[in-house]
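Breakdown of the fold
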Amino acid sequence: MEPGFPGFAVGKLERKMGIRGSPTVALHLTDCEVPVANRLGGEGEGFALALRALDGSRPAVGAQAVGIAQAALDAALAYARERHQFGQPIASFQGIQFMLADMAMHEHAARLMVRHAAARIDRSAASAALESSMAKCFAADAAMKVATDAVQIFGGYGYTREYPVERLMRDAKITQIYEGTNQIQRIVIAREIGAAH
Ligand SMILES: Cc1cc2nc3c(=O)[nH]c(=O)nc-3n(C[C@H](O)[C@H](O)[C@H](O)COP(=O)(O)OP(=O)(O)OC[C@H]3O[C@@H](n4cnc5c(N)ncnc54)[C@H](O)[C@@H]3O)c2cc1C
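In this report, the structure presented in the accompanying data block is examined. Nothing here was measured: the structure is a model prediction, and the numbers come from that model. (Residues numbered from 1 in each chain as written. Predicted model: local features only at pLDDT ≥ 70, side-chain atom pairs only at ≥ 80, totals over all residues. Heavy atoms only, no water.)

1. What about the overall build of the chain?
A tally of helices and strands in the chain yields 5 helices and 4 strands. Ordered by position from the N terminus, the helices and strands of the chain form the series β-β-α-β-β-α-α-α-α. For the chain, whose C-alpha radius of gyration is 21 Å, the value lies well above the compact-globule estimate of 16 Å for 197 residues. Along the longest, intermediate and shortest principal axes, the C-alpha atoms of the chain span 70 × 40 × 30 Å. Counting over 197 residues, the chain shows a buried share of 33%. The contacts of the chain with a sequence gap of at least 6 include a subset with a gap of at least 24, amounting to 66%. For the chain, the accessible surface area stands at approximately 12,000 Å², while carbon and sulfur atoms represent 59% of it. (Helix = DSSP H or I, 4+ residues; strand = E, 2+ residues; numbered from the N terminus. Rg over C-alpha atoms; globule rule 2.2 N^0.38 Å. Buried < 20%, exposed > 50% of the residue type's maximum accessible area, 1.4 Å probe, protein only. Contact = heavy atoms within 4.5 Å. Areas by Shrake-Rupley, 256 points an atom, 1.4 Å probe, with all protein chains shown as cover.)

Set out below in structure tokens:
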């Protein structure tokens, strides 16, 4: 697509819950004709081409989610060591330790799944659809859980803009939605393992 094509228009700038440093606009196509010279791949190959592109871009969203989870874990761990209640750091309470342990497990598992999917793509594996969808879906759910738990560990401060964890929670949400929602990833996974035809 090129900006001058008749029928092509750029929509309004969206006001978003998170990833506000990344501008988002809709692109409107109304009876828009694209010349053959601009076509990617051969005629009729577009759908397969688009699906292959998703195999590569889904682990990238997974990597974004792993980064958010790591940041949330780091912030929560540092705060839990520093914040004192009932005469001791909140990190000394088993209830907080178990939350941090679960957060660390989710972040670590997500990282390994993203690396595995990325390695398959780097090695030009015949298909990486299953691993890509699993990595994106798991890492996004992990980021949402870890960021939400980080807000909890910060207590009331977690809900304010004084600390970074509320932003991480808002930013985590998009990873469950774009590049195919996590419902769509589960449809792909079910199909790839042979549960649906
Ligand atoms: C910040 C942002 C950036 C984006 N960037 C891009 C971009 O660069 N390029 C691009 O092409 N798109 C982009 N998108 C679009 C994004 O990929 C879609 O919004 C997303 O894939 C979901 O599609 P939808 O909004 O049409 O939801 P819908 O398809 O309307 O889904 C609504 C709900 O129904 C569920 N659902 C739908 N179908 C099924 C089903 N069969 N079974 C079970 N549940 C189902 C969904 O999971 C979701 O919960 C962006 C969106 C956002 C918010």
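2. Observations regarding the environment of V66
Within the secondary structure, V66 sits in helix α1 (residues 46-82). Between the C-alpha atom of V66 and that of F154, which follows or precedes it by 88 residues, the distance is 20 Å. If near-sequence neighbours (up to four positions away) are discounted, V66 is found in contact with E107, A110, R111, V114 and A139.

3. So, the packing of aromatic side chains
Aromatic ring pairs are described here by two measures, namely the spacing of the ring centres and the angle between the planes. Evaluated as defined, the whole model comprises 5 aromatic pairs. Ring plane angle 70° and centroid distance 6.5 Å describe the contact between F86 and F93, whose orientation is recorded as edge-to-face. Here F86 falls in the exposed class, since its relative accessible area comes to 74%. Owing to a relative accessible area of 25%, F93 belongs among the partly exposed residues under this scheme. One aromatic cluster is present, built from ring pairs that chain together Y79, F154, Y157 and Y163. (Phe/Tyr/Trp six-rings, centres within 6.5 Å; stacked < 30°, edge-to-face > 60°.)

4. Topic: the nonpolar core
Residues A80, L100, M103, I153 and V165 are the most contacted members of the largest nonpolar core, which totals 32 residues. Of all elements in the fold, only α1, α2 (94-122), α3 (129-153) and α4 (165-175) reach the threshold of two or more residues within this core. Residues in contact with M103, not counting those within four places in the same chain, are A72, L73, A76, V146, D149, A150 and I153. (Core = buried A, V, L, I, M, F, W, Y, C linked by side-chain atoms within 4.5 Å.)

5. Overview of the pattern of salt bridges
The tally for this structure, following the rule as stated, stands at 9 salt bridges. Several salt bridges converge on common partners, so that one network encompasses R161, E166 and R170. (Salt bridge = Lys/Arg side-chain N within 4 Å of Asp/Glu carboxyl O.)

6. Observations regarding unusual backbone geometry
Phi is positive for F86, close to 50°, though the residue is something other than glycine. Structurally, the position occupied by F86 is in the loop between β3 (84-85) and β4 (88-89). Even without glycine at this site, S124 takes up a positive phi of about 55°. Tracing the backbone through its elements, the reader meets S124 in the loop between α2 and α3.

7. Considerations on the packing of α3 against α4
A pair of packed helices is captured by two measures, namely the crossing angle of their axes and the spacing between those axes. Where α3 contacts α4, the axes come no closer than 8 Å and their chain directions differ by 160°. The angle between α3 and α4 falls in the class roughly antiparallel. Considering only the axes of α3 and α4, their crossing is left-handed. For the pair formed by α3 and α4, the contact residues are K136, A140, A143, M144, A147, T148, A150 and V151 on the first element and V165, E166, L168, M169, A172, K173 and T175 on the second. (Axes fitted to C-alpha atoms, helices over the stretch in contact; angles between N-to-C directions. Parallel < 35°, antiparallel > 145°, perpendicular 65-115°, else oblique. Left-handed = near helix turned anticlockwise from the far one by under 90°.)

8. Describing the site of the ligand
For the ligand, the full set of nearby residues is K16, I19, T24, I174, I177, Y178, E179, G180, T181, Q183, I184 and I187. T181 has a polar side-chain atom sitting 2.6 Å from an oxygen atom of the ligand. Residues lining the shell around the ligand come from more than one domain, with at least three contributed by each of domain 1 (8-38) and domain 2 (51-192). (Near = heavy atom within 4 Å. Polar contact = N/O pair within 3.5 Å; in protein donor to acceptor, adjacent residues only side chain to side chain. Domains from an automatic or database assignment.)

9. Thoughts on a nonpolar patch on the surface
A grouping of V10, L13, V25 and L27 is seen on the molecular surface, where their side chains present a nonpolar patch of about 380 Å² in accessible area. Elements with a contribution of two residues or more to the nonpolar patch: β1 (8-13) and β2 (25-29). Positionally, V10 belongs in strand β1. The exposure class of V10 is exposed, given its relative accessible area of 55%. (Patch = residues over 30% accessible without salt bridge, like charges linked within 9 Å, V, L, I, M, F, W, Y side chains within 5 Å.)

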